[in-house]
Amino acid sequence: MCGIVAYIGKKEAFPILIKGLSRLEYRGYDSAGIALLDSGELNLYKKQGKVANLVEFTNGKNIHGNVGIGHTRWATHGEPNDVNAHPHYSMDKRIAVIHNGIIENYDTIREELIKRGYVFKSQTDTEALVHLIDDIQKTEKVELIEAVRHALQSVIGAYALVVISKDHPNQLIAARKSSPLVVGIGEDNSEFYLASDATPIVEYTNQVVYLNDEEIAVVDVNEGLRITNIANQEKTPYIQELELHLEALEKGGYEHFMMKEIFEQPRSIHDCFRGRLNAAEGFVQLGGLKDYEKRLLNAKRIVFVACGTSWHACQVAEYLIEDLARINVEVEYASEFRYRNPIISEKDVVIAVSQSGETADTLAALELAKARGASIFGICNVVGSSISRITDAGSYTHAGPEIGVASTKAFTAQVTVLTLLALRLAYKKETLSNSRFRSLLTELEAIPEKVKRVLDKNELIKEIAAHYKDSANALYLGRGSSFPVALEGALKLKEISYIHAEGYPAAEMKHGPIALIDEDMPVFVIATKGTSYEKVVSNIQEVKARKGKIIAIVTEGDTQVKEMADHVIEIPATDEHLVPLIATIPLQILSYHIALMRGCNVDQPRNLAKSVTVE
Ligand code: F6R
């Protein structure tokens, strides 16, 4: 949440910052702002709303400078407006700060500073930080870096921040704790980029350093990069090569990132199992977990922690791992787990699943599990993210950057990795017959082709969407591993179209939700062939008897549901355990079209941000 970007070097900073902010906008779009040093002056421009508003506001202004900082905000403290937008100035306009995270003790700091004569303009926690740095520098008469260090020693909370000062035109100071920050090293070690993730950096350099918690980086055009920690111990920068490609950050001819990402799924699912699965040879392995396999096999139970869509992927994994590998699985909301005093021991394996690898609650849940002796693993999409760095081991999903705020390809990639994990554990535990194991591998390899066939139904799904675009509510039903698909379908619809939607296990409908059904209620049902097919057919009849509208996802060639449903979307047949990988796709497409028909911003839904780095 919140995106930060900064540049220092020989180039004009303004276009680099604006482009960087556009790339980071998925992290929050309540306001955007920049501060630049030009001829000894520290100039600040900020505006409520999207980066486009800032661009419009700065149009025609003569903005120059080779050093600057930029911020795109997801509001926590203080409503979204121009004043609360970052950067925030010190009172004498000497220093400006951008910040992602939450300063939990900001109120105490603020009150103390007010007593000392500081006047606050905004309601943000960040403004307390900039005044604190300024106050320490003046009272302790120390260099800016020491003032930043001392300020951070008295701060409780999470931060990724960059400090710019007109007294130090050759340097920027950055620090992180629980919020991500990447340093890009440009030409001749005299040009630097700082950002919340690598997306604003990738077109300038592929040499990056990911800061660790409580590290402070000084980037200086004359002296290069120096990293210390808040206890002032010297750290050696670990320079990594970026494996991100620019085209992955562009829309590639699609109107929205969400649609591009939905259509990328045959490729992203394939990339996810490439090198990890070979059906002909009966081979399945997750390289990243190889050395820790025994811990998984001997685990008393596997506990998954995640949030949102990633939590739904874990729900699918529960069905897969328990049934195929016969290992006890629990799926926890990370936010509940961390505050529940959970019973965790060294016999447990705790796996975090996270697209961004930065979700604050998921990170904290992992830290708690680690402190209680569990082995901790991560399944993340963003390479180099915090979760991937604090875990004992893990696997990347290789879906490529997901920019649409609503998760699509990351979900199917997570389910793919989790399916590989279930199959590997089943193989090692010999819980499946050879023929069943082989058949599952073959089916998994065929999934990208089958997803393509569902994508070909885009126009049909759009026509169906038109019937339900004005609905006020929607229900999603499924059984077995299609229940999490129903949850995910409902989440997708509500978050991008603002239609109230709920997902239920189909049989639960009779225990309450059935009261909601009338002729205005669309009920989306995953009714594919499998163990519970007949039961779901009965549930459909119950809905029809109450005049509800049925939109059913059925297996190709189905006739029974077709006769009852108002609309059907046929999907290719596959093994029951792999249905989530295919059945999710039409629900994503439906939500996309409904949201678009309602005039919603599908890539940047209101109130949301992609990377939830605050709890
Ligand atoms: C919904 C969505 C969110 C995320 C959740 C967890 O479309 O994207 O529900 O799934 O915020 O994020 P990650 O996976 O980054 O931990």
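Residues numbered from 1 in each chain as written. Predicted model: local features only at pLDDT ≥ 70, side-chain atom pairs only at ≥ 80, totals over all residues. Heavy atoms only, no water.

Chemist: Explanation requested: the site of the ligand in the structure shown.
Modeler: Near the ligand there are 15 residues, and of these Ser 310, Ser 354, Ser 356, Thr 359 and Glu 495 occur at the shortest range. One of the side-chain nitrogen or oxygen atoms of Glu 495 is found 2.5 Å away from an oxygen atom of the ligand. The protein chains hide 90% of the 410 Å² of surface that the ligand would expose on its own. For the shell around the ligand, the elements supplying multiple residues, two or more each, are helix H9 (308-325) and helix H16 (482-497). Of the residues belonging to the shell around the ligand, the class tally is 5 nonpolar, 8 polar and 2 charged. (Near = heavy atom within 4 Å. Polar contact = N/O pair within 3.5 Å; in protein donor to acceptor, adjacent residues only side chain to side chain. Areas by Shrake-Rupley, 256 points an atom, 1.4 Å probe, with all protein chains shown as cover. Helix = DSSP H or I, 4+ residues; strand = E, 2+ residues; numbered from the N terminus. Nonpolar A, V, L, I, M, F, W, Y, C, P; charged D, E, K, R; others polar.)

Chemist: I tried to follow the sheet that holds strand S21 (residues 375-380) on my own but got confused; where do I start?
Modeler: The strand order across the open sheet formed by 5 strands is S19-S18-S20-S21-S22, and the pairing between neighbours is parallel. Bordering the open sheet on either side are strand S19 (329-333) and strand S22 (393-396), each of which pairs with just one other strand. The average angle at which neighbouring strand axes cross in this sheet is 20°, direction not considered. Across the sheet, H9 lies against strand S18 (301-306), S19 and strand S20 (348-354), angled at about 170° from S19, the strand it touches most. Here helix H11 (residues 360-371) sits on the sheet and contacts S18, S20 and S21; the angle it forms with S20, its principal contact strand, is near 165°. (Pairing = 2+ DSSP bridges. Axes fitted to C-alpha atoms, helices over the stretch in contact; angles between N-to-C directions. Contact = heavy atoms within 4.5 Å.)

Chemist: Where do I start with the sheet that holds strand S23 (residues 473-478) in this structure?
Modeler: Strand pairs in the sheet, formed through backbone hydrogen bonds, run parallel or antiparallel to each other. With parallel pairing, the 5 strands of this open sheet are ordered in space as S24-S23-S25-S26-S27. Each end of this open sheet is capped by a strand with a single partner; those strands are strand S24 (500-505) and strand S27 (567-571). Going from strand to strand, the sheet's axes swing by 15° on average, the running direction of each strand aside. On the sheet, helix H17 (residues 533-545) packs against strand S25 (522-527) and strand S26 (549-555) and is oriented at approximately 165° with respect to S25.

Chemist: I'm lost on the environment of Lys 409 in this one. Help?
Modeler: Within the secondary structure, Lys 409 sits in helix H13 (residues 409-429). Using a relative accessible area of 2% as the deciding quantity, one classes Lys 409 as buried. In this structure, Lys 409 is in contact with Glu 261, Glu 264, Gln 265, Arg 267, Ser 268, Ala 399, Gly 400, Pro 401 and Glu 402, ignoring residues within four places of it in sequence. A distance of 3.0 Å separates the side chain of Lys 409 from the backbone oxygen of Pro 401, its partner in a polar contact. (Buried < 20%, exposed > 50% of the residue type's maximum accessible area, 1.4 Å probe, protein only.)

Chemist: Any chance you could explain the domain arrangement of the protein chain here in plain terms?
Modeler: Accessible area lost on assembly of the parts is the figure often given for the size of an interface. Domain annotation for the protein chain reports domain 1 (3-100 + 157-248), domain 2 (253-445) and domain 3 (456-602). Between domain 1 and domain 2, the C-alpha centre-to-centre distance is 32 Å. Facing the 10 residues of domain 1 at the interface are 9 residues of domain 2. A combined buried area of about 910 Å² lies between domain 1 and domain 2, and 52% of that area is made up of carbon and sulfur atoms. A per-residue breakdown of the area domain 1 buries against domain 2 is headed by Tyr 26, Tyr 210 and Ala 248, which together make up 45% of the total. Counting across the domain 1 and domain 2 interface gives 0 salt bridges. Across the contact surface, domain 1 and domain 2 share 5 residue pairs in polar contact (both at pLDDT 80 or more). (Domains from an automatic or database assignment. Buried area = accessible area lost by both parts, 1.4 Å probe. Salt bridge = Lys/Arg side-chain N within 4 Å of Asp/Glu carboxyl O.)

Chemist: Just to check I follow, could you spell out the pattern of salt bridges for this structure?
Modeler: The final tally for this structure, using the stated rule, is 39 salt bridges. Arg 94 is the partner of Asp 92 in a salt bridge, and the nearest nitrogen-oxygen pair spans 2.9 Å. One salt bridge connects Lys 450 with Glu 443, and the closest N-O pair in it is separated by 3.0 Å.

Chemist: Could you clarify how one ought to interpret the nonpolar core in this entry?
Modeler: Note that soluble globular proteins tend to have their nonpolar side chains buried in a common cluster. Phe 304, Ile 321 and Ile 351 are the most contacted members of the largest nonpolar core, which has 90 residues in total. In terms of domain composition, this core takes at least three residues from each of domain 2 (253-445) and domain 3 (456-602). (Core = buried A, V, L, I, M, F, W, Y, C linked by side-chain atoms within 4.5 Å.)

Chemist: I'm lost on the environment of Val 417 in this one. Help?
Modeler: Note that Val 417 resides in helix H13. Taking the C-alpha atoms as reference points, Val 417 and Ile 269, separated by 148 residues in sequence, lie 9.0 Å from one another.

Chemist: For this particular structure, what's the right way to read helix H14 (residues 434-455)?
Modeler: For an α-helix the count is 3.6 residues per turn, leaving residues at separations of three or four pointing the same way. Between its first and last C-alpha atoms H14 spans 32 Å; for 22 residues at 1.5 Å apiece the expected length is 32 Å, and the two agree. Along its length, H14 shows its largest kink, about 40°, at Ile 447, and proline Pro 448 lies within four residues downstream of that point. Among the residues of H14, Phe 437, Leu 440, Leu 441, Leu 444, Ile 447, Pro 448, Lys 450, Val 451, Val 454 and Leu 455 are the ones counted as buried. (Expected span 1.5 Å × (residues − 1). Bend = angle between axes of the 7 residues up to and from the residue.)

Chemist: Which parts of the structure should I look at to understand the packing of helix H15 (residues 458-468) against helix H19 (residues 579-597)?
Modeler: A packed helix pair is summarised by two numbers, namely the angle formed by the two axes and the spacing between the axes. At a closest axis distance of 8 Å, the pairing of H15 and H19 adopts a crossing angle of 55°. Taken together, the axis directions place H15 and H19 in an arrangement best described as oblique. When you trace H15 past H19, the crossing you get is right-handed. For the pair formed by H15 and H19, the contact residues are Asn 458, Ile 461, Lys 462, Ile 464, Ala 465, Ala 466 and Tyr 468 on the first element and Pro 586, Ile 589, Leu 590, His 593, Ile 594 and Met 597 on the second. (Parallel < 35°, antiparallel > 145°, perpendicular 65-115°, else oblique. Left-handed = near helix turned anticlockwise from the far one by under 90°.)

Chemist: Is there a simple way to explain the packing of aromatic side chains in this structure?
Modeler: Aromatic ring pairs: the centre-centre distance and the angle between the two ring planes describe each pair. Scanning all chains against the criterion turns up 8 aromatic pairs. Taking 5.7 Å as the distance between ring centres and 70° as the angle between the ring planes, the aromatic pair formed by Tyr 292 and Phe 377 counts as edge-to-face. Within this pair, whereas Tyr 292 is found in the loop between strand S17 (283-284) and helix H8 (293-297), its partner Phe 377 is found in strand S21, the two being separated by 85 residues in sequence. On the basis of relative accessible area, Tyr 292 is assigned to the partly exposed category, the value being 24%. Relative to Phe 524, the ring of Tyr 476 lies with its centre 4.6 Å away and its plane at 15°, an arrangement referred to as stacked. In this pair, Tyr 476 sits in strand S23 while Phe 524 sits in strand S25, placing the two residues 48 residues apart along the sequence. (Phe/Tyr/Trp six-rings, centres within 6.5 Å; stacked < 30°, edge-to-face > 60°.)

Chemist: Help me out: how do you make sense of H9 in this one?
Modeler: Spanning 18 residues, H9 covers 25 Å between terminal C-alpha atoms, matching the ideal 26 Å at 1.5 Å per step. Among the 18 residues in H9, 13 count as buried, and that is most of the element. Once H9 ends, the next one or two residues include Arg 326, with phi positive near 55°.

Chemist: I tried to follow the packing of H16 against H19 on my own but got confused; where do I start?
Modeler: Following both chains from N to C, one finds H16 and H19 inclined at 15°, their axes separated by 9 Å at the closest point. Relative to H19, the element H16 lies roughly parallel. Crossing angle aside, the handedness with which H16 passes H19 is right-handed. The segment H16 lies against H19, with Ser 482, Val 485, Glu 488, Gly 489, Lys 492, Leu 493, Ile 496 and Ser 497 engaging Val 579, Pro 580, Ala 583, Thr 584, Leu 587, Gln 588, Ser 591, Tyr 592, Ile 594 and Ala 595.

Chemist: Just checking my understanding: could you explain unusual backbone geometry for this structure?
Modeler: Each neighbour pair has its own omega, and for His 86 with Pro 87 the value is 0°, a cis peptide bond. The topology assignment puts Pro 87 in the loop between strand S4 (67-73) and strand S5 (88-89). Backbone geometry places Glu 430, a non-glycine residue, at a positive phi of 55°. Positionally, Glu 430 belongs in the loop between H13 and H14.

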